[in-house]
Amino acid sequence: MSLTQQLVQLLSESPGNVIYHLISLFALQVVFALALTQWRRNRRDDLARRSLWAAGAVVVMRLGLLLAGLAVFGDQATAVSVLPPLEQAINTATAVLLAWALIPQPKSQPQIGDTAAVLLLLLVGMMYIFFAQAWPEQALAGMAYNSTFQATIWLVFQLAALIAGLALTIVERPLWFSLRQIILVILLVTHLLAFFSSPDASASQTDIAYWLRLGYLIALPLWAVLTYRQTISALQIQEKLPATIQTTDASAAAFYDFSTQIIRSLQPDENIAAAIDVATQTLHAPYAALALRQENTPHLMHLTTNRAIQTTERPSNWLINLREWPAFQQALDENEIVELKPTGLGGRQLRLWYEEMGLSLWGALLALPLRVENTAVGLLLIGAPSNQSEWGMAEKTTAAALARYVAQAIHNSQTFSQVADQIAQSPQPRLAEPTLVSGRIITLEEERNRLQIELEATTARLLQAESQATKASKQARDLAATLEELEKINYDEHLASLENEIATLRESLIEAEEAMALAAAGEKGLSTEWIMTTITRYSSQLEAAQARIETLEADLLRQERGVTDELVISLAQELRTPMTSIAGYTDLLLSEMLGALGAKQRDFLQRVKANVERMDAFLDLIVQLTTSGERNPGAESGGVDIQVSIDTAVSNVITQIREKKLRLDLDTSPKLPTLPIHREALQQIINNLIGNACQATPPNGRVAVSAYINTLPPPANNGHSEPITFLHLAFKDSGGGILAEDRSRVFSPQHRADDPLIGGLGDTGAGLAVARTLTEANGGRVWIESEMGIGSTFSVLFPIANDLMPSTAPAAAKD
């Protein structure tokens, strides 16, 4: 059995023919229900109206065909004489109604399509009456209906209707390659197959138009899909854009008020306020602004909004620079709508704009150019609610139309103002009002220019103060180096004189000892008593001289150190004065109290602020280094917990450890004793040493921190029986080691930025010098051990009294 024979059997015999009718009726009912729902929602939807009438008529006709077939089911002769022409007439009417429902409606004369459909249906009805009377005689003669002249006429009629419908959809450009054309093409192909197929193609002569049934079996469900898509699209537009699809009384009233305002007054300020009001009400937008270009400065625009800046007391009118907002410049240059979406390419500009306006982040922003012919008037900005991430096509169309209307209105009012200003310049006293308006504009422009000049002057003063601070810092470093050299020279001269005096006294003592030896030998007749008296006198003088030397050295060192410290602290305080001024001006400019800042200006000011903070921290370090050389300022009454200090230091560098992906090894004794030391001094020592280790270690390296107690036996022959106990802190890095010739400069506080850097060392300032000074001031000792290619270890020792040791402290020494 061939494919055609199987198709004939499937569509003409039971139960295939019943399934065909049920599927067709179901698809038509879906089209009818969807079209009815959409038409009741929007009576102006012409596609829904035509689909409703077409589907309803086809449902009635095909339901009648199904009932007629059931009525003559038992009478084969009646069925053959009645059903074939009735089905062909219904197929022809279906083709006409389907083409009428799918073709675009003529815009000039929409009633032409309806009239043509009615006339064609009347012609189909008359043809059926004529053919139904002539067919029974041919059926009695044993002819198959598909091979008759009637069937050919019906096919030609149907082909003409489908071809006309396909041509009309092709003429309408937006309908190219749409589902409408697919439906018509499917029906056209099946009708052509029916027209050119031979009646002898099937094994039995059948009266069923099986090719047509196959075409409608495919096309009718597709029609239902098309109607569903059209209905859903209309629903989405109505739900998403209620303000543009359904014109509310409020928006219509706002538009009428705006039109009335334009007719009544030609003042730009009044028309701008009315335009902003109609934009917010028509599009239900919480934010709307109107920016107008300035004649003398095209890159500056005068902005008016419906909302004032919330963070300041400034009004809702100010100037914006188009060079700082590329999206707005693009809208004006290309004369097209630019939409800034929260999650799109313009998200950053959108966020910056709302921050500039002092508003919380809302929805998408439309920038609509205002142009009249080739003249750029300004921009209309419309912001959506916070839950709307983009504007729909219908809203954009409404906004574009409103922008054209507003542009023309503003342009007319500006032209009127310009003409009024020109007339006001002539000696006509009755036109004083435009002159006052022009005078206010000139006053505002002068105020704007004055503020700009003040801003530029403030920026210049800021740069000058920064330059002066840099020069002062350099002078301070040079002066400190000079004082250091002078102190070194004076100290060396005084020390040389004291050493000469000590040497003289020692020579006298040696002479006395020699005299005593001669007396013991009985030489020169010197008595023992005289020699002992001489030795005693010289010994007393020597002890007194040595005590005097120690006193003089201590006084000289304390005096020289006090003068130097006071000078350094005084210089640091003098440097703080311009730094404070720079910081104050920087904070003033960043607050934008003197005017809005651009992105580059804000970046420069933030750099200045960062450098000021760095200089302030450097001055604190200088003062700390100067004052840290004093003896212990006072230990904590209860001692300092060493473990807590280590944990605090680690928390300070944990961010750096994570960024460089360092491995931190902590090795501390279970119970460390409290240390009688100033808390801040110990914290500063640990912070500087562990910070140096993290800076010296390369990424993915290792940093080790250990803290434990060492106990050594008492030295022999020194009169002490108690062991010596001390705290040992070690900070080990994997920075590659420090050269032997550079290790002497590691703890040098005179190490400056212009000196060559020390390889393998993380600290480039005075942090290690502060650590050594604080350690020695509190009775401790610090040193460095380094191995090239591996790393360096900084060790700190603090003696611990035995009464401070915990009961579980180790008794043996730990190597």
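Residues numbered from 1 in each chain as written. Predicted model: local features only at pLDDT ≥ 70, side-chain atom pairs only at ≥ 80, totals over all residues. Heavy atoms only, no water.

**Re the environment of Val 770**
Relative to the elements of secondary structure, Val 770 occurs in helix α20 (residues 767–777). We classify Val 770 as buried; its relative accessible area is 0%. Sequence-wise, Val 770 and Asn 688 are 82 residues apart; in three dimensions their C-alpha atoms are separated by 8.1 Å. (Helix = DSSP H or I, 4+ residues; strand = E, 2+ residues; numbered from the N terminus. Buried < 20%, exposed > 50% of the residue type's maximum accessible area, 1.4 Å probe, protein only.)

**Here we look at the pattern of salt bridges**
Evaluation of the coordinates by the stated rule reveals ten salt bridges. Asp 46 serves as the salt-bridge partner of Arg 49, at 2.7 Å between the closest nitrogen and oxygen. You can see Arg 49 and its partner Asp 46 sitting in helix α3 (residues 46–71), three residues apart, about one turn around the helix. Relative accessible area serves as the criterion here: at 23%, Asp 46 is assigned to the partly exposed category. Residues participating in the shared-partner salt-bridge network are Asp 46, Arg 49, Arg 50 and Asp 114. (Salt bridge = Lys/Arg side-chain N within 4 Å of Asp/Glu carboxyl O.)

**Considering the packing of aromatic side chains**
Summed over the entire model, instances satisfying the criterion amount to nine aromatic pairs. Relative to Tyr 354, the ring of Tyr 287 lies with its centre 6.2 Å away and its plane at 80 degrees, an arrangement referred to as edge-to-face. With Tyr 287 in strand β1 (residues 287–293) and Tyr 354 in helix α13 (residues 347–356), this pair connects stretches of sequence that are 67 residues apart. Look at Tyr 287 and you get buried, because its relative accessible area is 1%. Given the relative accessible area of 1%, Tyr 354 is considered buried. The ring centre of Tyr 216 lies 5.1 Å from the NZ or CZ of Arg 62, which sits over that ring. (Phe/Tyr/Trp six-rings, centres within 6.5 Å; stacked < 30°, edge-to-face > 60°. Lys NZ or Arg CZ within 6 Å of the ring centre and 35° of its normal.)

**Here's the deal with the confidence of the model for the protein**
Taken residue by residue, the protein gives an average pLDDT of 75. The fraction at 70 or more is 67%. Per-element confidence in the protein ranges from a low mean pLDDT of 39 for helix α9 (residues 242–245) to a high of 93 for strand β11 (residues 791–799). A low-confidence stretch, residues 428–432 stays under pLDDT 50, and its non-local contacts, those more than four residues away or across chains, total three contacts. Within the model, pLDDT remains below 50 along residues 808–815, and this stretch shows eleven contacts once partners closer than five positions in the same chain are excluded. (pLDDT = per-residue confidence, 0-100. Contact = heavy atoms within 4.5 Å.)

**Let's talk about the nonpolar core**
Counting residues in each nonpolar core, the largest one holds 41 residues, and the members touching the most others are Leu 727 and Leu 729. For this core, the elements supplying multiple residues, two or more each, are α18 (642–660), α19 (679–696), β8 (702–712), β9 (724–732), α20, β10 (781–787) and β11. Broken down by element, this core gets its largest block of residues, eight residues, from α19. In contact with Leu 729, other than residues within four places in its own chain, are Ile 642, Ile 646, Ile 686, Ser 706, Ala 707, Phe 794, Ser 795 and Val 796. Counting residues in each nonpolar core, the second largest holds 29 residues, with Ala 55, Val 59, Ala 95 and Leu 220 among its members. (Core = buried A, V, L, I, M, F, W, Y, C linked by side-chain atoms within 4.5 Å.)

**Some words on a nonpolar patch on the surface**
A contiguous nonpolar surface patch, about 380 Å² in accessible area, is contributed by Val 156, Leu 192, Phe 195 and Phe 196. Counting residues per element, the nonpolar patch draws most heavily on helix α7 (residues 179–196), at three residues. If you trace the backbone, Val 156 turns up in helix α6 (residues 149–171). (Patch = residues over 30% accessible without salt bridge, like charges linked within 9 Å, V, L, I, M, F, W, Y side chains within 5 Å. Areas by Shrake-Rupley, 256 points an atom, 1.4 Å probe, with all protein chains shown as cover.)

**Topic: the sheet that holds β8**
As summarised here, the arrangement of the five strands in space is β7-β8-β9-β11-β10, forming an open sheet in which the pairing is mixed. Each end of this open sheet is capped by a strand with a single partner; those strands are β7 (663–668) and β10. When the angles between neighbouring strand axes are averaged without regard to direction, this sheet yields 15 degrees. Where β9 meets β11, seven bridges bridge the pair, whose relative direction is antiparallel. Bridge assignment links Phe 726 to a residue of β11, and that residue is Pro 799. Strand contacts of α18: β7, β8 and β9, with the helix running at about 175 degrees to β7, the strand carrying the most contacts. (Pairing = 2+ DSSP bridges. Axes fitted to C-alpha atoms, helices over the stretch in contact; angles between N-to-C directions.)

**Some points on unusual backbone geometry**
If you check the backbone angles, Asn 335 has positive phi at about 55 degrees while not being a glycine. With respect to the helices and strands, the residue Asn 335 is situated in the loop between α12 (326–334) and β4 (338–340). For Asn 335, a relative accessible area of 44% corresponds to the partly exposed category. In this structure, Asn 700 is a non-glycine residue whose phi angle is positive, near 65 degrees. Within the secondary structure, Asn 700 sits in the loop between α19 and β8.

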